[in-house]
Amino acid sequence: MIRTIFAWLAASIVGYILFAITSQTVVLNGLVHIGAPMPFSARLQSTFHAVLNMPALGLVLAAAFAIAFAVARGLKSIVKPFASVAYPLAGGAAVSAALELMWLQYEIYPVLGAQKPMGYGLAVLSGVAAGVVFAALLPKKTL
């Protein structure tokens, strides 16, 4: 049980950090596209700031991952071909579901980088990466 909680926590942290980094990268690239000067130091500082200052997103993702990974654990025993990709798919689905629930509540994606298709896709990939981390850190008997 402790290792499962550790795996979920690690996956949540990785998913959050990757989501924040990719979101900020999409936003900064949009600024560069309209001609704003963006030196590397400003990109680095802005990205670091984004990672440290979106705790609500981290909590939303952690909750979404907890639900998605629990569902994936149940489904992978039922649908055997799904077993090897259950957690990565669940992580991606968790991020997508969280973003869509935000849209339903606010009629906008509150995370600016996810408003563009590339940013949305990268956000979902951050969830896939979280699922890979979760699967890698789970004790082998609970896989």
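Before reading further, recall that the structure is shown in the block above.
In this report, the structure presented in the accompanying data block is examined. Keep in mind that this is a model prediction, so the values were computed, not measured. (Residues numbered from 1 in each chain as written. Predicted model: local features only at pLDDT ≥ 70, side-chain atom pairs only at ≥ 80, totals over all residues. Heavy atoms only, no water.)

### Quick word on the overall build of the protein chain
And step 1. Looking only at helices and strands, the protein chain has 5 helices and 0 strands in total.
And step 2. Each helix and strand of the protein chain, ordered N terminal to C terminal, gives the series α-α-α-α-α.
And step 3. A compact globule built from 143 residues would reach a C-alpha radius of gyration of about 15 Å, and the protein chain, at 16 Å, matches this within 12%.
And step 4. The dimensions of the protein chain, computed from C-alpha atoms along their principal axes, are 50 × 30 × 25 Å.
And step 5. For the protein chain, buried positions account for 37% of its 143 residues. (Helix = DSSP H or I, 4+ residues; strand = E, 2+ residues; numbered from the N terminus. Rg over C-alpha atoms; globule rule 2.2 N^0.38 Å. Buried < 20%, exposed > 50% of the residue type's maximum accessible area, 1.4 Å probe, protein only.)

### Focus on the environment of Lys 76
And step 1. Looking at the element boundaries, Lys 76 is found in helix α3 (residues 55-78).
And step 2. Residue classification places Lys 76 among the buried residues on the basis of a relative accessible area of 9%.
And step 3. Remark: the alpha-carbon pair of Lys 76 and Pro 39, spanning 37 residues in sequence, is separated by 46 Å.

### Quick word on the packing of aromatic side chains
And step 1. Across all of its chains, the model carries 6 aromatic pairs by this definition.
And step 2. Considering the side-chain rings of Phe 69 and Tyr 87, the 6.0 Å spacing of their centres and the 85° angle between planes classify their relative orientation as edge-to-face. With a gap of 18 residues between them, Phe 69 in helix α3 and Tyr 87 in helix α4 (residues 86-106) connect regions that are remote in the sequence.
And step 3. Assessed through its relative accessible area of 2%, Tyr 87 is described here as buried.
And step 4. Through successive ring pairs, a cluster of aromatic residues spans Phe 65, Phe 69, Tyr 87 and Phe 134. (Phe/Tyr/Trp six-rings, centres within 6.5 Å; stacked < 30°, edge-to-face > 60°.)

### Brief notes about α4
And step 1. Here α4 spans 30 Å end to end across 21 residues, near enough to the 30 Å set by a 1.5 Å rise per residue.
And step 2. Ala 86, Tyr 87, Pro 88, Ala 90, Gly 91, Gly 92, Ala 94, Val 95, Ala 98, Leu 99 and Met 102 are the residues of α4 that are buried.
And step 3. Of the surrounding secondary structure, the elements contacted by the buried residues of α4 are α1 (2-33), α3 and α5 (117-137).
And step 4. Phi turns positive one or two residues past the end of α4, at Glu 107, with a value near 60°. (Expected span 1.5 Å × (residues − 1). Contact = heavy atoms within 4.5 Å.)

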